[in-house]
Amino acid sequence: MSGTPTADDCEKRPQFGTRLLKDSDDVFKHNAWDHVQWDEEQELAAQAAVAKNSCSKLNDDERERFQSDAPKFWDSFYGIHDNRFFKDRHWLFTEFPELAPIDVSEQQSRSIFELGCGVGNTILPLLQYSVEPKLKVFGCDFSARAIDILRSQPQFDEKRCEVFVMDATEEQWPVPFEENSQDIIVMIFVLSACQPKKMQQILDNCYRYLRPGGLLLFRDYGRYDLAQLRFKSGKCLEDNFYVRGDGTLVYFFTEEELRGMFTKAGLQEEQVIVDRRLQVNRSRGLKMYRVWIQAKFKKPLVPTS
């Protein structure tokens, strides 16, 4: 199947902010609610949980091992899950319609680069739905296993897509395209897997390779997300940066620190949304509070001084 997503496709995941819980008695009528505001008690409880699970930090040797062996842990992760890990992100074109615009000229060429493409959760739907004849998609991941799985998928089209192994935390990126060439760079749950001290360098490189007027599309974990609150003591490398049971790493952002890093890289804010969502398990009567941050930043047409 090919073609631009239809209205029915987008219905599978309503745009963020459209489902509001106005009556607490209705909480289990849907699987998720948007714009859920926390009261002071809930905010304090989240702060206390993080203070407790981060009071004891891993030692220097342990931190170095998890950070230097990150590709190995991600290879193991993808080796265990294999292509069962693939999930079609139906919400992609709803939240980021720039990925597959309807009104693209047949003569217009575009180039999209995804950092941390994994097994293709973004790239494969893009290849499937886009009708742009001159679209070129690039993707990188520092897991060789993930790249192998992506290339093996039947939807993968080597004529339209080039993927490769690369560590985005390296100062110089060995990429197959020039600086100032990418119309869109995509980072979805990727920056959080990197060492905090290397995040600014990654965003600086994104600026280098975006064309003037190009967009960086971003989605990642927000501070006090359920995943952060669930960590036990002894899993914290540094404040808000943890190691999961499988050895992979994750950081939890605030919108202020993200805005600061993007702006320092020279990018201009188009959108920053803190997606506070209440997910419910209706069969078990469970409420789960998720916090994600979604952002769009543009490289200015004229460099800022």
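As recorded in an unreviewed UniProt entry, the protein chain goes by the name tRNA N(3)-methylcytidine methyltransferase, listed as coming from Drosophila pseudoobscura pseudoobscura. Turning to the protein chain, the UniProt record has this under Function (unreviewed entry): "S-adenosyl-L-methionine-dependent methyltransferase." Among the UniProt annotations of the protein chain, the heading Sequence similarities (unreviewed entry) holds the following wording: "Belongs to the methyltransferase superfamily. METL family."

Undergrad: Give a description of the nonpolar core that names residues and reports values.
TA: Core analysis: the biggest nonpolar cluster contains 41 residues, and Phe-113, Leu-115, Trp-173, Met-187, Leu-191 and Leu-216 have the highest contact counts within it. Ranked by residue count, the leading element in this core is helix H8 (residues 196–209), at 6 residues. Not counting residues within four places of it along the chain, the set of residues in contact with Leu-191 comprises Met-199, Ile-202, Leu-203, Phe-218, Asp-220, Phe-253, Leu-258 and Met-261. Within the second largest apolar cluster, 25 residues are counted, among which are Cys-117, Ile-123, Leu-126 and Cys-161.

Undergrad: Outline the environment of Ser-111, supporting the account with residue identities and numerical values.
TA: Mapped onto the elements, Ser-111 comes out in strand E2 (residues 110–115). Counting along the chain gives 25 residues from Ser-111 to Lys-136, while the straight-line C-alpha distance between them is 4.8 Å. The residues contacting Ser-111, other than those within four sequence positions of it, are Lys-136, Phe-138, Ser-181, Gln-182, Asp-183 and Ile-184.

Undergrad: How would you summarise the pairing of strand E5 (residues 182–188) if you had to cite specific residues and measurements?
TA: Counting buried positions along E5 yields 7 of 7 residues, so the element is predominantly enclosed. Of the pairings in the sheet, the one linking E2 to E5 comprises 4 bridges and is parallel in character. By the bridge assignment, Glu-114 is partnered in E5 with Val-186. Bridging between E5 and strand E6 (residues 210–221) involves 6 bridges; their strand directions are parallel. When the bridges of E6 are listed, Val-186 appears paired with Leu-217. Handedness of the crossover joining E5 and E6 through H8: right-handed.

Undergrad: Go over unusual backbone geometry, please, and point to the residues and values.
TA: We note that Asn-180 has phi near 60 degrees; this positive angle belongs to a residue other than glycine. Relative to the elements of secondary structure, Asn-180 occurs in the loop between strand E4 (161–165) and E5. Its relative accessible area of 41% is what places Asn-180 among the partly exposed residues. Positive phi outside glycine occurs at Tyr-224, with the angle close to 75 degrees.

Undergrad: Describe the side chain of Thr-248, naming the residues involved and giving the relevant values.
TA: Position of Thr-248 among the secondary structure elements: in the loop between strand E8 (241–243) and strand E9 (249–251). Polar contacts involving the side chain of Thr-248 include one to the side chain of Asp-246, which spans 2.7 Å. If sequence neighbours within four positions are ignored, Thr-248 has contacts with Phe-73, Trp-74, Tyr-242 and Val-243.

Here is what the cut-offs are and how they apply
- Residues numbered from 1 in each chain as written.
- Predicted model: local features only at pLDDT ≥ 70, side-chain atom pairs only at ≥ 80, totals over all residues.
- Heavy atoms only, no water.
- UniProt positions renumbered as here; feature names shortened; annotations may be inferred.
- Core = buried A, V, L, I, M, F, W, Y, C linked by side-chain atoms within 4.5 Å.
- Buried < 20%, exposed > 50% of the residue type's maximum accessible area, 1.4 Å probe, protein only.
- Helix = DSSP H or I, 4+ residues; strand = E, 2+ residues; numbered from the N terminus.
- Contact = heavy atoms within 4.5 Å.
- Pairing = 2+ DSSP bridges.
- Right-handed = clockwise from strand over helix to strand, strands pointing away.
- Polar contact = N/O pair within 3.5 Å; in protein donor to acceptor, adjacent residues only side chain to side chain.

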